[in-house]
Amino acid sequence: MSPPPTHEETPALTPRQLDAYLARLGLSPPLDAGIETLTAIHRAHLRTFAWEALDAFMGWPSTVDPQDAFAKMVEGRRGGWCYEMNGLMGAALAALGFRVTRLCGAVERQRLGDGATGNHLTLQVDLDRPYLAEAGLADAIVEPVPMAVGPIRQRGFDFALVAPEDGWLRFENHPQGMARSFDFRPGGRDERSIAAAHRWLSGDPASPFTGSLALFRHTGEGYVSLHGDRLRRTTPGRADERQLRGADEFAAVLEAVFAVDLPRPREVWDKVMAARERTEAA
């Protein structure tokens, strides 16, 4: 098992960057490094930034560096996937004085095995006890939870933390979730595996993110998602879906629903349509 986490191992935003990040969230300093602040930031982060893997889908460059996530998401008014969503939030929390550990996670490890290690970045925040802070699974929890085995219920969605074996913990998503689960080890850092998995997920044709488009953004009652050209609104026990009707509506939805600012949305739409045609022809 990895050694105990230390605060210095998590990159932190600069004071200027922290102010800009908090302004995007609608929060104002001073903020103390306590559970109330952690909860407020966690909720605001998920309401502000969309989960999106547009870079992988379009073949645009991306990294696991929180500085790049800040430039993309705060200054560039984009969203991000787990490496960026949790990376940015973790760097902001570290700047506020929280003890944060970037954990190497494994989505669907129960199906994919240990080869999945690194395909997810999540966060451990140590207060009176360790907390799981998770903004990168797209459609999961909106508030941090103690790292303790047991059921979790938020906004009418049911989750759980279970202990499969050998020191791993498993976060189980709600039944309607995009990913069923991810595994992690408390205190388990492994930046090398994270970087390797990021490269594969970003560029390999077999990656689930290079061949299809997905975006998610949390709302007060649930979340809204876009899968290709299908816009879906999900609340506990219900999902309503409709198909978008062209590039102009697609661009409007990206801006109004997901708060994602793209300079060339028609280029993305054309690739969405090409992906749909390949799927229909298969």
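Residues numbered from 1 in each chain as written. Predicted model: local features only at pLDDT ≥ 70, side-chain atom pairs only at ≥ 80, totals over all residues. Heavy atoms only, no water.

1. Observations regarding the overall build of the protein chain
Just so we agree on the cut-off: Under the DSSP-based scheme used, a helix requires at least four consecutive residues in state H or I and a strand at least two consecutive residues in state E, with every element numbered from the N terminus. Between the two quantities, the radius of gyration covers C-alpha atoms and the globule rule is 2.2 Å times the number of residues to the power 0.38. Categorising residues by exposure relies on relative accessible area from a 1.4 Å probe, with only protein chains included: less than 20% of the type maximum marks a residue as buried, more than 50% marks it as exposed, and the intermediate range marks it as partly exposed.
Helix and strand counts for the protein chain come out as 9 helices and 13 strands. Its C-alpha radius of gyration of 18 Å places the protein chain within 12% of the 19 Å reference for a compact globule of 282 residues. For the C-alpha atoms alone, the extent of the protein chain along its principal axes is close to 50 × 40 × 35 Å. For the protein chain, the proportion of its 282 residues judged to be buried stands at 54%.

2. A word on the layout of surface pockets
Let me state the cut-off plainly: Points on a 1 Å grid, built from protein atoms alone, make a cavity when a 1.4 Å probe fits but cannot get out and make a pocket when they are open with protein on both sides within 12 Å along at least 5 of 7 lines; residues with an atom within 4 Å of a point are the lining residues. Grid points are joined across faces, edges and corners, and a volume is the space filled by probe spheres set on the points. Amino acid classes used here: Ala, Val, Leu, Ile, Met, Phe, Trp, Tyr, Cys and Pro are nonpolar; Asp, Glu, Lys and Arg are charged; the rest, including Gly, are polar.
Computed from the structure, the largest pocket encloses a volume of approximately 570 Å³. What lines the largest pocket is a set of 27 residues, among which Val107, Asn119, Leu201, Pro208 and Phe209 lie closest to the centre. Where the lining of the largest pocket is concerned, the elements lending two or more residues are helix H5 (82-95), helix H6 (109-112) and helix H7 (191-203). Sorting elements by how many residues they give to the lining of the largest pocket places H7 first, with 3 residues. When its residues are assigned to classes, the lining of the largest pocket shows 18 nonpolar, 7 polar and 2 charged.

3. Here's the deal with the pairing of strand E8 (residues 169-172)
Stated precisely, the cut-off is as follows: A pair of strands is treated as paired once DSSP finds two or more bridges between them.
Pairing of strand E7 (residues 157-162) with E8, which is carried by 3 bridges, proceeds in the antiparallel orientation. Bridge assignment links Leu161 to a residue of E8, and that residue is Phe171. Hairpin geometry of E7 and E8 is characterised by an intervening segment of 6 residues between the two adjacent antiparallel strands and by a positive phi of about 55 degrees at Asp166. Here 4 bridges tie E8 to strand E9 (residues 181-184), and the two strands are oriented antiparallel to one another. Residue Phe171 lies in a different strand from E9, and its bridge partner there is Phe182.

4. Here we look at empty space enclosed by the protein
Within the structure shown, the criterion is met by 2 cavities of 30 Å³ or more. Every residue along the wall of the largest cavity is listed here: Arg43, Arg47, Val142, Arg155, His218 and Thr219. The residue makeup of the lining of the largest cavity, split by class, is 1 nonpolar, 2 polar and 3 charged. Approximately 30 Å³ is the volume found for the second largest cavity.

5. Regarding the confidence of the model for the protein chain
Inclusion rule: For every residue, the predictor states its confidence as a pLDDT score lying anywhere from 0 to 100. Contacts were defined at the residue level, with two residues in contact if any of their heavy atoms lie within 4.5 Å.
Mean pLDDT for the protein chain: 95, with 97% of residues reaching 70 or above. Counted against residues more than four places away or in other chains, residues 1-8, with its pLDDT under 50, gives 22 contacts.

6. Let's talk about the pattern of salt bridges
Applicable threshold: Counted as salt bridges are all cases of a side-chain nitrogen of Lys or Arg within 4 Å of a carboxyl oxygen of Asp or Glu.
Overall, the coordinates contain 22 salt bridges when judged by the stated rule. Its salt-bridge partner being Glu84, residue Lys72 comes within 3.0 Å of it at the nearest N-O pair. Of this pair, Lys72 sits in helix H4 (residues 66-75) while Glu84 sits in helix H5, and the two are 12 residues apart along the sequence. A salt bridge links Glu241 to Arg230; the nearest nitrogen and oxygen atoms lie 3.7 Å apart.

7. Here we look at the packing of aromatic side chains
Two aromatic rings are characterised by how far apart their centres lie and by the angle between their planes. So the rule is basically this: Put simply, two rings from Phe, Tyr or Trp (the six-membered ring, in Trp's case) pair if the centres are within 6.5 Å, and we call them stacked under 30 degrees between planes, edge-to-face over 60, tilted for the rest. Counting as a charge over the ring demands two things of the Lys NZ or Arg CZ atom: a distance within 6 Å of the ring centre and an angle within 35 degrees of the ring normal.
Counted by the stated rule, this structure contains 11 aromatic pairs. Seen in terms of ring centroids, Trp51 and Phe209 are 5.9 Å apart; in terms of plane orientation they differ by 50 degrees. Their pairing is tilted. Residue Trp51 is located in strand E1 (residues 51-52), and its partner Phe209 is located in the loop between H7 and strand E10 (214-218); the two are separated by 158 residues in the primary sequence. Each residue in the set Trp51, Trp81, Tyr83, Phe157, Phe209, Phe216 and Tyr223 is aromatic and connected to the rest through ring pairs, giving one cluster. If you follow Arg109 out to its NZ or CZ, it ends over the ring of Trp168, 4.0 Å from the centre. Lying over the aromatic face of Phe57, Lys271 brings its terminal NZ or CZ to 5.3 Å of the ring centre.

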